[in-house]
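# Observations on the model geometry
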Amino acid sequence: MHDFVVVGAGPAGSRFARRVAEAGQNVVAFEQGEIGKPLACSGHVSTDIWSFVPDDAKSRLKQNEICGARFHTAGPGSDSHQFYKQQPISNVIDRVELDRTLAAAARDAGADIREGHTVVDISERRDHVEVRVRGPDGMETHHGRMVVGCDGPKSRVRRSVGLPEPEELLHGVLGFHDEPDHEEFVDVHLTVPRFFAWRIPRGDAGVEYGLATPPDDDVTERFEEFVSGYDVETQRRCSGLIPIGPPERTHTGRVFLLGDAAGQNKPFTGGGILYGMTAADIAADVVDPTDPQTLSTYERAWRDELESDISLGHLVRAGYSLPEQIQEAGMALFEGEIGVHMDRPSTLFSRDQLRAMLSR
């Protein structure tokens, strides 16, 4: 009998496994394939990432430092509005190696992390959860006091226990060009319906191009048009779904969700690494595997921590669909040095942001 059975060993799953293992809990985590693969997520994250990984991992993971962003209302080569800080706002990291690093940290803490194991069925009982898993040696049955669904936007755990879906799923595409680029600015193009396209310099690792669209749009055609505007051909591509808007409920009696499975993402960028690991830390602090009542505490706690920024993030995203003249006027108002944290739109009203605007 495990205390926790974690389904999915991405950032949220591995972070939770590490934290509860450090607290002495018995935890096993199942990853369907190889940890970190296939890549389906950008590696552009705030500098807060370093508080979640071992100190010696920074030099291995970091590819570039970013100090600002250029926002365009048109395609490549168009005029832009610049937003920046004097020090790095964010880092570009090796996204596959991040997953491996977080999983290794969980293993070092005592968690049992198993790759090549696919969870095929979950059955909640009165005092435990039965988990059927297909592994390299055939079918296995595991029992846990609780199950943690960290298995992404199309979560099997979520569907198995009847939890509601996220509000929306976008389709994202990434493409990579290998020519080194150490520039300190990313480019954001508000040319995609209800979202945006981006160009991220990754230092010696090259350049990342990407965009996301609603499912009723032709994401491949959009991406081809975007990269042709930069006159590049991408050497590698990947794609994935991006959940926008958490479901109304993220737990049942003995099952709860974390990360993309719970829609714990920024609606204005689609990024979920930091939100998912923040929620994982909250869950590790408040959830008692012997007391299902603590899942309600987790639900309230993660929403108290993230929901205001998620709500403001929806408002920011709505601005992507405004008429171009209004977009230009709004960006001109805030253009220049900023005091905003890239993960927290609530800091738009912070003392740091006010000071930055008054100093212009």
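These remarks concern the structure in this document. None of the values given here were measured: they were computed from a predicted structure. (Residues numbered from 1 in each chain as written. Predicted model: local features only at pLDDT ≥ 70, side-chain atom pairs only at ≥ 80, totals over all residues. Heavy atoms only, no water.)

### Here's the deal with the sheet that holds strand 4 (residues 62-66)
For clarity, the threshold we go by: Here, strands pair whenever DSSP counts at least two bridges between them. For helices the rule is a DSSP run of H or I covering at least 4 residues; for strands it is a run of E covering at least 2, with both sets numbered from the N terminus onward. Comment: axis = line fitted to C-alpha atoms, over the contacting stretch for helices; angle = value between 0 and 180 degrees taken between N-to-C directions.
Strand order in this open sheet of three strands is 3-7-4, and the pairing throughout is antiparallel. On the outer flanks of this sheet lie strand 3 (44-46) and strand 4, each paired with one strand and no other. For this sheet, the mean angle separating the axes of adjacent strands, direction not counted, is 35°. Here strand 4 runs beside strand 7 (residues 90-93); their pairing, made up of four bridges, is antiparallel. Note that in strand 7 the partner of Ile66 across the bridge is Ser90.

### Some points on the packing of helix 6 (residues 273-286) against helix 7 (residues 294-318)
Rules: Just so you know how the angles are binned, under 35 degrees is roughly parallel, over 145 roughly antiparallel, 65 to 115 roughly perpendicular, and the rest oblique. Take the far helix as your reference; a near helix turned counterclockwise from it by less than a right angle gives a left-handed crossing, and one turned clockwise gives a right-handed crossing. Contacts are assigned to residue pairs with any non-hydrogen atoms lying within 4.5 Å of each other. Polar here means any residue other than Ala, Val, Leu, Ile, Met, Phe, Trp, Tyr, Cys and Pro, which are nonpolar, and Asp, Glu, Lys and Arg, which are charged; Gly is therefore polar.
Direction vectors running N to C along helix 6 and helix 7 enclose 150°, while the axes themselves pass 9 Å from each other. The angle between the axes of helix 6 and helix 7 places the two elements in the roughly antiparallel class. Crossing angle aside, the handedness with which helix 6 passes helix 7 is right-handed. When helix 6 is examined against helix 7, the residues Tyr275, Thr278, Ala279, Ile282, Ala283 and Val286 are found in contact with a partner set consisting of Thr294, Thr297, Tyr298, Ala301, Trp302, Glu305, Leu306, Asp309 and Ile310. A per-class count over the contact of helix 6 with helix 7 returns ten nonpolar, three polar and two charged.

### Observations regarding helix 6
Quick reminder of the rule: Each helix should span, by expectation, one fewer than its residue count multiplied by 1.5 Å. Only protein chains enter the accessibility calculation, which uses a 1.4 Å probe; a residue is then buried when its area is under 20% of its type maximum, exposed when over 50%, and partly exposed in between.
Over its 14 residues, helix 6 runs 20 Å from end to end, which matches the ideal 20 Å to within 8%, given 1.5 Å per residue. Counted residue by residue, helix 6 has twelve buried out of 14 residues, so it is predominantly covered. If you check which residues of helix 6 are buried, you get Ile273, Leu274, Tyr275, Gly276, Met277, Thr278, Ala279, Ala280, Asp281, Ile282, Ala283 and Ala284. Each element contacted by the buried residues of helix 6 is listed here: helix 1 (11-22), strand 3, helix 3 (95-109), strand 17 (255-257) and helix 7.

### Brief notes about the pairing of strand 15 (residues 207-213)
Of all seven residues in strand 15, seven are buried, a share of seventy percent or more. By the alternation rule, side chains of strand 15 split into Val207, Tyr209, Leu211 and Thr213 and Glu208, Gly210 and Ala212, which are all buried. Bridging between strand 12 (residues 168-177) and strand 15 involves seven bridges; their strand directions are antiparallel. In the sheet register, His177 faces strand 15, and the bridge partner there is Val207. Two strands pair when backbone bridges link them, and strand 14 (residues 195-201) and strand 15 are joined in this way by five bridges, in the antiparallel orientation. By the bridge assignment, Pro201 is partnered in strand 15 with Val207. Between strand 14 and strand 15, which pair antiparallel in sequence order, lie five residues; one of them, Gly203, sits at a positive phi of approximately 65°.

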